[in-house]
Amino acid sequence: MTELTPSQWSLLPDEPGEPATPDPLSLAASAALRSRDGHFYELTGQVNHPGEPQAGLAERWQRFFAAGGAAGWQELSAKALRVQRRVLEDGASYNVHSDGPPLPGQGDQESAPLARHWPLELLPMLIAPDEWRDIESGIVQRARLLNAVMADTYGERRLLQQGLLPASLVLAHPQYLRAMHGSRPPGGVHLHVLAFDLTRCADGHWWVVGQRTQAASGLGYVLENRLIIAQQFPEAFRQMAVQRLAASYRDLMQSLMRLSPAGERSRVALLTPGPRNETYFEQAFLARYLGITLVEGADLTVRADKVYLKTLTGLERVHVLLRRVDDTWLDPLELRPDSILGVPGLLQAARSGEVVIANSPGAGWLESPGLTAFWPGVAESLLGEELTLPAIQSWWCGEESAWRTLRPRLAQFIVVPTFSASSTTRSFGPIVAAELNDGQLRELAERIDADPTAYTLQARVKPTKQPVWTRGALEPRVAVLRVFAMTDGHGGWTVLPGGLTRVAPKRDPLADAWLSIQRGSLSADTWVMTDGEVDATTLLPQPLQATDLRDVHWTVTSRAAENLFWLGRYTERAENSARLARHVIEASVMVQRGAMPPPMLPLLDTLARKHGLVGAAAPEAADDPRGFERALLAALLPGSGATSVGWNLRALQTCAQALRERLSPESWRLIHETAAQFEQHLRAVLDRPGPAAPVTDVLNVLARADTHLAAITGGQTDRMTRDDGWRLLSIGRQIERLSFLADVLAESFAQDLALTEDGFALLLGVFDSTITYRAQFQARREAPPLLHLLLHDTDNPRSLAWVARTLRDRFAKLARHDPLTQDWAADVTAMLPQPLAWPLADIAANPAALVEHLHRSVDEVTELSSLISQRYFAHVIGAEQRVWQ
């Protein structure tokens, strides 16, 4: 029998005359496009030179393609499609800014984030063991250096006194925080996670392009890339002994707990700027993988120099914060007062040693490219060592001699900002001076002359090229590798055996090594091969046992709870405003046509103004019915200044955006499409040329929105887990429903229009009870049956009795875990309205008493909303409660 080859799928012998199986290495070599001369090409392991043929595949790439055989090569395009499908299934994204509509509270000039699918390339960056050892030792050395620089700069300042670092470059940096001078973090560790961007230059060595020291991003994307790409090439991953990542993440968590005052009992949280941040997906993904809580600034509070997480059950101590919020936004008390991303008092908590913040506040200035030329001298002073990993040459223009010497050769450099943008400094994108004409180059030189400290010159380099699979070919693209250094908690450092490789979006771009996902670059997995043992550590959760699930109670943060509460309120408010708008528009048209008596106009005017359907400047409906109608239609759009239907849908969308982790993709998509389609269709109708907007088409748009909102309500009622967060959502809905319906009913009776034909129909329509009333009472237009259905019928989910009972039940269940809260909840519940206690005969015969009951009910549920906010969201009631010290 013929000997089988690894790439053969069949166990049968080859047929006589059957063509030989194609060699995957030959296929790969023939598909490799030529790289630009002068660049190192990872695929060949060499630099192309003019007039010479491109070399063959490097040994590591031979092993990679040989592992999959010919069948693996032929499946590359299918694998690329599977990668994209997996990215979509995981919801992996990177938020970029678009021209989308602003959210509530934003101006039209502010751009909304657009979630773009994570751009993941199929082929990984391959790094041999000996290359990695050089990278690893150089990165560890630089990490030690940067931590020592932080200790000196916020301590004795010998580097500034000796002139090894220019004071004007350090102290003028907006991310040098004077408030942290003299602080001593636990264990003397200022930096915990560092990222270094590297590229391989024409000499074959790796060079440092930049560093991220304050809130390095990418660790979550590294995991996502590895989980997806390793599954596409399982044979190569196993045969090439690619080192695994889990041990590094485990060691990071252990080192952070080792530095914490609570040790192994520490609670660790990841502080995120929120869903609108460009890397929010990876922050959420990383928090889930590490098993830590993802929090925003609003989730935390500082009490007595300690940091607490606000939850529905009280305040829980937080000991470690792995932050993704930049320095100047961390604390509105001591830094930027307009920041809503940070936590008031956080810097004082850090100074007192009650919380470990990774990285320590005030590390951002280390990222300045203007410091690059000073690091070798600083290393000699602090470490007594020469830097083993070189960096791209840079010259800070704030050094007069350097700028004077290099000014005539400005076209040879890349001009980059020295500082990040702030109120005192300006930033800009990298400028490739060679691309400028003479006039532009002269203008740039004059700008540098005017403010030299703001500019840094970098030498142009020829970064490495990474093969990218595209249209059946291996295309060389510029690549930059980001590697991560992590503290061990004892003063030492480890380097994650992998990284985040960024690849240019097209062949041979002119942007050199300045690659950014924000500007359209791709990402690739990074495989570090080992000649030792492959670490078998895993952080995947172990199977749960029955005992683990006994009396389980998941933590709901106060911010998530508040967003759920307002998700319920805005859903109900949008539905109510859409229904009321339809009735008011229809009634207004009927009055103008003489089909409805004019006395209805004051009632419509009052309801429209009280519930945000028109602005204060709208004409009175009784004085100018047509002008009132035009104002009503114009206010339906979200940017009108009124809190009408469009505004409420935007607010609903904002709450849903903040709750993406708790909502199903279908629920989020439905909410997003409802708001987007309402605005799109309504604008098309209102912008249609003609003397007046077609009211019928506007009503159709409102009816479609009402239908979509009913679907959203159904999803909230039937497809969400009924935990305490869901109960708050339901409570928010019931508060909004009772307040709205009670107000409409009170106004109708107060203006003595409830029992008129048109007022009667309006009430049944707003209460969504027309069919029920006709089925039970036919055409009777009497107060007792109307009030029975709208107030006392506990089978009618729109009656005030049903709403009040549901409100009491859901509120009482919130407090079931804590006896102290139960007593408080019982007192609050006792003050809630009880419509069944209002005798039907009395309120039917005495409308004034009914109106008084209804107004009091609105006040009571408004007070309930305030109490819920104070107790469960802001924690100013029962603040002495502590769950975990």
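Residues numbered from 1 in each chain as written. Predicted model: local features only at pLDDT ≥ 70, side-chain atom pairs only at ≥ 80, totals over all residues. Heavy atoms only, no water.

Structural notes on the pairing of strand S19 (residues 465-470)
Counting buried positions along S19 gives six out of six residues, so the element sits mostly inside the fold. Judged by which residues are buried, S19 turns out to be covered on both faces: Lys 465, Pro 467 and Trp 469 on one side and Gln 466, Val 468 and Thr 470 on the other are all buried. Two strands pair when backbone bridges link them, and S19 and strand S20 (residues 473-487) are joined in this way by six bridges, in the antiparallel orientation. From the neighbouring strand, Lys 465 faces S20, where its bridge partner is Val 478. (Buried < 20%, exposed > 50% of the residue type's maximum accessible area, 1.4 Å probe, protein only. Helix = DSSP H or I, 4+ residues; strand = E, 2+ residues; numbered from the N terminus. Pairing = 2+ DSSP bridges.)

Structural notes on the sheet that holds strand S14 (residues 356-358)
Taken in spatial order, the four strands make up an open sheet running S9-S8-S13-S14, and their pairing is parallel. The open sheet has two free edges, formed respectively by strand S9 (293-295) and S14, since each of these has just one partner strand. In this sheet, adjacent strand axes meet at a mean angle of 25° when their direction is disregarded. Here strand S8 (residues 268-271) pairs with strand S13 (residues 320-323) via four bridges, running parallel. (Axes fitted to C-alpha atoms, helices over the stretch in contact; angles between N-to-C directions.)

Some thoughts on the packing of aromatic side chains
Between two aromatic rings, the relevant description is the distance of the centres plus the angle of the planes. The full count for this structure, using the stated rule, is 25 aromatic pairs. Both rings, one in Phe 233 and one in Trp 527, keep their centres 6.5 Å apart while their planes meet at 75°; by these two values the pair is edge-to-face. Of this pair, Phe 233 sits in the loop between helix H7 (219-232) and helix H8 (234-239) while Trp 527 sits in strand S24 (residues 526-528), and the two are 294 residues apart along the sequence. Among the aromatic side chains, those forming a connected cluster through ring pairs are Trp 61, Phe 64, Phe 65, Trp 73, Phe 233, Phe 237, Trp 469 and Trp 527. Over the face of the ring belonging to Phe 233 we find Lys 79, whose NZ or CZ atom lies 5.2 Å from the ring centre. Above the ring of Trp 824, the side-chain terminus of Arg 871 is found at 5.0 Å from the ring centroid. (Phe/Tyr/Trp six-rings, centres within 6.5 Å; stacked < 30°, edge-to-face > 60°. Lys NZ or Arg CZ within 6 Å of the ring centre and 35° of its normal.)

So, the sheet that holds strand S15 (residues 394-396)
Strand order in the open sheet formed by four strands is S15-S18-S16-S17, and the pairing between neighbours is antiparallel. Across the chains shown, the open sheet's two edge strands, defined by having one partner strand only, are S15 and strand S17 (431-432). Looking at chain direction, strand S16 (residues 413-417) and strand S18 (residues 455-459) are connected through five bridges and run antiparallel. Residue pairing in the sheet places Ile 414 in a bridge with Gln 458 of S18. Contacts from helix H14 (residues 438-450) reach S16, S17 and S18 within the one sheet, and its direction differs from that of S18 by about 130°. (Contact = heavy atoms within 4.5 Å.)

Some points on the nonpolar core
For soluble globular proteins, nonpolar side chains are generally found buried alongside one another. In terms of nonpolar packing, the biggest core is built from 107 residues, with Leu 567, Leu 636, Leu 702, Phe 811 and Ile 868 touching the most fellow members. In terms of residue count, helix H15 (residues 558-592) provides more of this core than any other element does, 15 residues in total. The contacts of Phe 811, once residues within four sequence positions are left out, are Ile 731, Trp 824, Ala 825, Val 828, Thr 829, Leu 864, Ile 868 and Tyr 872. By size, the runner-up hydrophobic cluster in this structure holds 70 residues, among which are Phe 64, Val 193, Val 222 and Met 240. (Core = buried A, V, L, I, M, F, W, Y, C linked by side-chain atoms within 4.5 Å.)

Some details on unusual backbone geometry
Of the consecutive residues Ala 358 and Asn 359, the connecting peptide bond is found in the cis state with omega at 0°. As for its position among the elements, Asn 359 is in the loop between S14 and helix H12 (375-382). Unlike most non-glycine residues, Ala 241 shows phi in positive territory, near 55°. With respect to the helices, strands and loops of the structure, Ala 241 is situated in the loop between H8 and helix H9 (246-259).

Description of the pairing of strand S10 (residues 300-303)
Note that S10 and strand S11 (residues 306-311) share four bridges and pair antiparallel. Looking across to S11, one finds that Arg 303 is bridged to Lys 306. Hairpin connection from S10 to S11: two residues lie between these consecutive antiparallel strands, with Ala 304 at a positive phi of about 55°.

Regarding the pattern of salt bridges
With the rule as written, the count across this model stands at 46 salt bridges. In this structure, Glu 316 and Arg 267 form a salt bridge, with 2.1 Å as the shortest nitrogen-oxygen distance. Within this pair, whereas Glu 316 is found in strand S12 (residues 314-318), its partner Arg 267 is found in the loop between H9 and S8, the two being separated by 49 residues in sequence. Its relative accessible area of 5% is what places Glu 316 among the buried residues. A salt bridge links Arg 582 to Asp 706; the shortest N-O distance between them is 2.9 Å. Separated by 124 residues along the polypeptide, Arg 582 in helix H15 and Asp 706 in helix H20 (residues 695-718) bring together distant segments of the chain. Under the relative-accessibility criterion, Asp 706 is labelled buried at 11%. A single salt-bridge network, built from bridges that share partners, covers Glu 572, Glu 575, Arg 579, Arg 733, Arg 737, Asp 768 and Arg 798. (Salt bridge = Lys/Arg side-chain N within 4 Å of Asp/Glu carboxyl O.)

Description of the confidence of the model for the chain
Confidence in the prediction of the chain, expressed as mean pLDDT, is 88, and 90% of residues score 70 or more. Per-element confidence in the chain ranges from a low mean pLDDT of 44 for strand S25 (residues 882-884) to a high of 98 for S24. Across residues 879-885 the pLDDT falls below 50, and counting only partners more than four positions away or on other chains, this stretch makes 25 contacts in the model. (pLDDT = per-residue confidence, 0-100.)

As for the side chain of Thr 311
Relative to the elements of secondary structure, Thr 311 occurs in strand S11. A polar contact is formed between the side chain of Thr 311 and the side chain of Thr 313, at a distance of 3.1 Å. Engagement of the side chain of Thr 311 in a polar contact is seen with the backbone oxygen of Gly 314, the distance being 2.8 Å. If we skip the residues at most four places from it in the chain, Thr 311 touches Glu 316, Thr 555, Val 556, Thr 557, Ser 558, Tyr 872 and His 875. (Polar contact = N/O pair within 3.5 Å; in protein donor to acceptor, adjacent residues only side chain to side chain.)

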